[in-house]
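# Topology and contacts: notes
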Amino acid sequence: MPVERTLSLIKPDGVARNLIGEVLSFFEKGGLKVVAMKMLHLTKAQAEEFYIVHKERPFYEELTEYMASGPIVALVLEGENAIARCREIMGATDPAEAAEGTIRKTFALSKGENTVHGSDSPESAAREIAFFFSELEICSH
Ligand code: RTP
Ligand code: MG
C-alpha cells in the first residue's frame with residue numbers, strides 16, 4: 001500500500017470543546033503520523049477559497065461561516081493509504097450515519113458541525129496540504 005499524505009482539520013466545534021488531544025489520539029492510534037500541525041483562525045474569504053469545490057452546494061454559506069467562526073487546527077497526516085484511512089477514522093459526514101468508534105460518531109454535533117475534515121482524493125490532498133503548509137513545514141519522521 002502506498003504511503004500517502006492527507007490534510008485534516010479539527011473544525012471550530014472540536015477546538016472549542018477541548019478535543020484537540022482526543023482527535024489527535026484517534027489518528028495516531030489509527031496508525032497515522034502527524035507530520036505537520038498549526039492552529040489558525042480562517043477569515044470568511046479563506047474558508048470560501050478552501051471549500052471552493054462546494055460553491056454551488058446549498059450548505060456552502062453555512063459551512064464557510066462556520067469554518068470562520070473560531071480557531072481550527074490544520075494537520076498533515078502520513079501513512080499507508082492515509083487519505084482513505086483518515087476518512088475511515090473520521091466516519092461518515094453525518095454523525096447519525098457514522099460507524100461506532102469513529103471520531104464523528106463519538107464527537108460530532110451535527111452534519112455541519114462534524115469536528116473534522118479529511119481530504120477526499122490524492123488531488124484534493126495535494127491542493128489542501130499546499131493551502132495550509134509549505135514543504136518546509138512538513139516533517140516526515
Ligand atoms: P469534509 O470535506 O469536511 O471532510 O467532509 P465530507 O467529505 O464528509 O463532506 P462533504 O460532502 O465534503 O461536505 C463538506 C462539509 O460540509 C458540511 N456539510 N453540511 N448541512 C449539510 O447538509 C451539510 N453537508 C455537508 C459538513 O461540515 C461537511 O463535512
Ligand atoms: Mg469533503
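By the naming in an unreviewed UniProt entry, the protein chain goes by Nucleoside diphosphate kinase and is assigned to Thermodesulfatator autotrophicus. Per UniProt, the comment on the protein chain under Cofactor (unreviewed entry) is "Mg(2+)". The record in UniProt for the protein chain states the following under Function (unreviewed entry): "Major role in the synthesis of nucleoside triphosphates other than ATP. The ATP gamma phosphate is transferred to the NDP beta phosphate via a ping-pong mechanism, using a phosphorylated active-site intermediate."

### Focus on the UniProt feature "binding site: ATP" (unreviewed entry) in the protein chain
When the UniProt feature table is mapped onto this chain, "binding site: ATP" (unreviewed entry) is found at K11, F59, R87, T93, R104 and N114. Summarising the element assignment, R104 is placed in helix α6 (residues 103-107). R104 sits in the buried class, given a relative accessible area of 7%. Apart from the residues within four sequence positions on either side, R104 is in contact with K11, M90, G91, A92, T93, P95, A98, N114, V116 and H117. Among the structural elements, N114 can be located in the loop between α6 and β4 (116-118). N114 sits in the buried class, given a relative accessible area of 2%.

### Brief notes about the site of ligand 1
Taken together, 15 residues lie around ligand 1, and H54, T93, G112, N114 and G118 are the ones closest in. Take R87: an N or O atom from its side chain is 3.2 Å from an oxygen atom of ligand 1. Relative to its free-state accessible area of 560 Å², ligand 1 is covered by the protein chains to the extent of 83%. Broken down by element, the shell around ligand 1 gets its largest block of residues, 3 residues, from β4.

### Concerning helix α4 (residues 60-67)
Residues Y60, L63, T64, Y66 and M67 constitute the buried set of α4. Here the buried residues of α4 occupy an arc of 160 degrees about the axis, which is enough to place them on one side.

### Remarks on the nonpolar core
Membership of the largest hydrophobic core comes to 20 residues, with the highest contact counts inside it found for L7, L9, M67, V76, F132, F133 and I138. Per element, the largest residue contribution to this core is 4 residues, and it comes from α4. Counting residues in each nonpolar core, the second largest holds 18 residues, with V15, V34, L77 and I103 among its members.

### Some remarks on the side chain of S8
Following the sequence through the fold, S8 ends up in strand β1 (residues 3-10). Overall, the relative accessible area of 0% leaves S8 in the buried class. Once you skip the residues sitting within four places of it in the chain, S8 turns out to touch F27, V73, A74, L75, L77, C86, H117 and G118.

### With respect to the pattern of salt bridges
In the structure shown here, the tally under the stated rule is 8 salt bridges. Note that E88 and R85 form a salt bridge whose closest N and O atoms lie 2.3 Å from each other. Taken together, the positions of E88 and R85, both in helix α5 (residues 82-90) and 3 residues apart, correspond to about one turn of that helix. Of the residues examined, E88 reaches a relative accessible area of 51% and is grouped as exposed. Since its relative accessible area comes to 28%, R85 is described here as partly exposed. Beyond isolated ion pairs, a larger network of salt bridges with shared partners links R5, E78 and E135.

Quick notes on the rules
Residues numbered from 1 in each chain as written. Chains lettered and ligands numbered in written order. Predicted model: local features only at pLDDT ≥ 70, side-chain atom pairs only at ≥ 80, totals over all residues. Heavy atoms only, no water. UniProt positions renumbered as here; feature names shortened; annotations may be inferred. Helix = DSSP H or I, 4+ residues; strand = E, 2+ residues; numbered from the N terminus. Buried < 20%, exposed > 50% of the residue type's maximum accessible area, 1.4 Å probe, protein only. Contact = heavy atoms within 4.5 Å. Near = heavy atom within 4 Å. Polar contact = N/O pair within 3.5 Å; in protein donor to acceptor, adjacent residues only side chain to side chain. Areas by Shrake-Rupley, 256 points an atom, 1.4 Å probe, with all protein chains shown as cover. Arc of directions from axis to C-beta. Core = buried A, V, L, I, M, F, W, Y, C linked by side-chain atoms within 4.5 Å. Salt bridge = Lys/Arg side-chain N within 4 Å of Asp/Glu carboxyl O.

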